[in-house]
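# Summary of structural features
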Amino acid sequence: ILKLPCIECLSINGPLKPRSLRKTFDGAPSKLKIDSVNIKKLNKLKYLRIWTMNLRDFPYGLSCLSNLEYLSLDFSFVDSLPRELVNLSKLEILSVRLNNIKHLPNWFGKMKRMKAIDLANNSLENIPPELLELDSLQTVVLSNPEGVIGNCAPFECHTNKINYEKEIDVLI
């Protein structure tokens, strides 16, 4: 892949099938390693989907992809989002559906180009108000199988005001 520096779209699918996924996956973590030195060679990459990979940790090398506009780490059992994500200054769509994320960091408000974020089927306990301060944000997906989003009172306090002023679609 690194020999294709002009590639703009990349999808890496793991061995798991979505129907067989469980929130408490006991398998060994994926051996997928993203080397930040070499991944910089994919400087034209705009769309990256890493799917069903049992990563457990966010692949830190991704923060070098300065032209990335779409990032999906669905079904990858990631439990947190690192601060390095802010380096993806062109990121517009982030999908981290069906992971183990409990908290969204406050620095999310610095993701100025973010238009949509899919957080469905995580274990969210909080939604920082900074998320709602993003001017370009249009869609937030928060649903989970139980229909409960932990203790998201700060988010609920802001949704009515935001929906009317900024017309954000909040899908719960």
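Note that the structure is a prediction, hence the values are computed from the model and not measured. (Residues numbered from 1 in each chain as written. Predicted model: local features only at pLDDT ≥ 70, side-chain atom pairs only at ≥ 80, totals over all residues. Heavy atoms only, no water.)

### Quick word on the environment of Asn99
Our working rule: Every helix listed is a DSSP run of H or I at least four residues long, and every strand listed is a run of E at least two residues long, numbered separately from the N terminus. Residue exposure (1.4 Å probe, protein chains only): buried if accessible area is under 20% of the type maximum, exposed if over 50%, otherwise partly exposed. Think of a polar contact as two N or O atoms within 3.5 Å of one another; within protein, one of them needs to be a possible hydrogen donor and the other a possible acceptor, and neighboring residues in sequence only count if both atoms come from side chains.
You can see Asn99 is positioned in the loop between β4 (93–95) and β5 (116–118). Taking the relative accessible area as the measure of exposure, Asn99 reaches 0% and is therefore buried. For the pair Asn99 and Asn121, spaced 22 residues apart in sequence, the C-alpha separation works out to 6.8 Å. Separated by 3.0 Å, the side chain of Asn99 and the backbone oxygen of Leu73 make a polar contact. In this structure the side chain of Asn99 is engaged in a polar contact, spanning 3.2 Å, whose partner is the backbone oxygen of Arg97.

### Looking at the pattern of salt bridges
Here is the rule: Between Lys or Arg on one side and Asp or Glu on the other, a salt bridge is scored when a side-chain nitrogen of the former is within 4 Å of a carboxyl oxygen of the latter.
Counted under the stated rule, the structure contains three salt bridges. Between Arg97 and Asp118 there is a salt bridge, with the nearest N and O atoms lying 2.6 Å from each other. With Arg97 in the loop between β4 and β5 and Asp118 in strand β5, this residue pair connects regions lying 21 residues apart in the sequence. The exposure class of Asp118 is buried, given its relative accessible area of 13%.

### Observations concerning unusual backbone geometry
The backbone of Phe75 shows a phi angle near 55°, a positive value even though the residue is not glycine. Positionally, Phe75 belongs in the loop between β3 (70–72) and β4. Backbone geometry at Asn121 places phi at a positive 60°, although glycine is not the residue there. Turning to its location among the elements, Asn121 is positioned in the loop between β5 and α2 (129–132).

### What about the packing of aromatic side chains?
Heads up, the condition is: Aromatic pairs are defined between Phe, Tyr and Trp rings, using the six-membered ring for Trp, whenever the two ring centres lie within 6.5 Å; interplanar angles under 30 degrees are classed as stacked, those over 60 as edge-to-face, and all others as tilted.
Here the structure, examined in full by the defined rule, presents three aromatic pairs. The interplanar angle of 75° and the centroid separation of 5.1 Å between the aromatic rings of Trp51 and Phe75 together place this pair among those described as edge-to-face. Residue Trp51 is located in strand β2 (residues 47–51), and its partner Phe75 is located in the loop between β3 and β4; the two are separated by 24 residues in the primary sequence. Each of the two residues, Trp51 as well as Phe75, counts as buried.

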